[in-house]
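Inside the fold
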Amino acid sequence: MDQAEVQGLVLALLREVGEDPAREGLEQTPARVAQSLRFLTSGYDEDPARLLRGALFSSDVDEMVVLKNVEFYSLCEHHLLPFYGQCHIAYIPDGQIVGLSKLGRVVDAFSRRLQVQERLTAEIAEAVREAVRPKGVGVVMEAHHLCMMMRGVEKQTSRAVTSNMLGRFRQDARTRGEFLELIRQDRA
Ligand code: ZN
């Protein structure tokens, strides 16, 4: 990403919305926006599958592993406004397990891109399936979308929920039910 180019675009944008980019409060804004945008899209530079493959351990655990309430922040690709919430990931190992912190990093790697929640959910599930080769993967994401909350529709309390179930989570209603029950507990 060419930072100078982005700064120029932000400067033009400030003028277009009727602002004076030279006034004190806005002087540093193009540079700040460029920098923050670089961070918010840094997921493009990450290789989530490689992240996971670097943290695999042999294990004979065959019970469901669940990581709940992983906070995430992303940008909707339609409005470039944030959507944010929590991600829950579960898998059933098949000979290997993966470091839990790496699952969190995979969520960040896919969140820090321009996204729609449905694709984000599917990409996380697919990355775990590909790298860990488990008996099944389930991902549920719940998010507030600022493009809905701040603009015309103003549905401030609505929450979008997406899920992606692979392998045993898709085939076996009991496995899926167990996962959904585990993430339902302690939820408001
Ligand atoms: Zn949007």
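Report follows, based on the coordinates. Note that the structure is predicted; figures quoted are calculated from it, not measured.

1. Here we look at a nonpolar patch on the surface
Where nonpolar side chains cluster on the molecular surface, the patch consists of Met1, Leu37, Phe39 and Leu40 and spans about 360 Å² of accessible area. Secondary-structure assignment places Phe39 in helix H2 (residues 29-40).

2. A closer look at the coordination of the zinc ion
Around the zinc ion, the protein contributes the donor atoms Cys76 (SG), His79 (ND1) and Cys147 (SG), which lie 2.2 to 2.3 Å from the metal centre. Within one chain, the residues serving as donors to the zinc ion are arranged as C-x2-H-x67-C. According to the relative accessible area criterion, Cys76 is buried, its value standing at 5%. For His79, a relative accessible area of 34% translates into the label partly exposed.

3. Topic: the environment of Gln7
Within the secondary structure, Gln7 is located in helix H1 (residues 3-16). By relative accessible area, Gln7 is classed as partly exposed at 30%. Along the primary structure Gln7 and Leu80 are separated by 73 residues, whereas in three dimensions their C-alpha atoms are 16 Å apart. If we skip the residues at most four places from it in the chain, Gln7 touches Pro30, Ala31 and Ala34.

Cut-offs applied
Residues numbered from 1 in each chain as written. Predicted model: local features only at pLDDT ≥ 70, side-chain atom pairs only at ≥ 80, totals over all residues. Heavy atoms only, no water. Patch = residues over 30% accessible without salt bridge, like charges linked within 9 Å, V, L, I, M, F, W, Y side chains within 5 Å. Areas by Shrake-Rupley, 256 points an atom, 1.4 Å probe, with all protein chains shown as cover. Salt bridge = Lys/Arg side-chain N within 4 Å of Asp/Glu carboxyl O. Helix = DSSP H or I, 4+ residues; strand = E, 2+ residues; numbered from the N terminus. Donors = N, O, S within 2.8 Å, 3.2 Å for Na, K, Ca; no water. Buried < 20%, exposed > 50% of the residue type's maximum accessible area, 1.4 Å probe, protein only. Contact = heavy atoms within 4.5 Å.

Treat this as a map of the structure, not an account of what it does.
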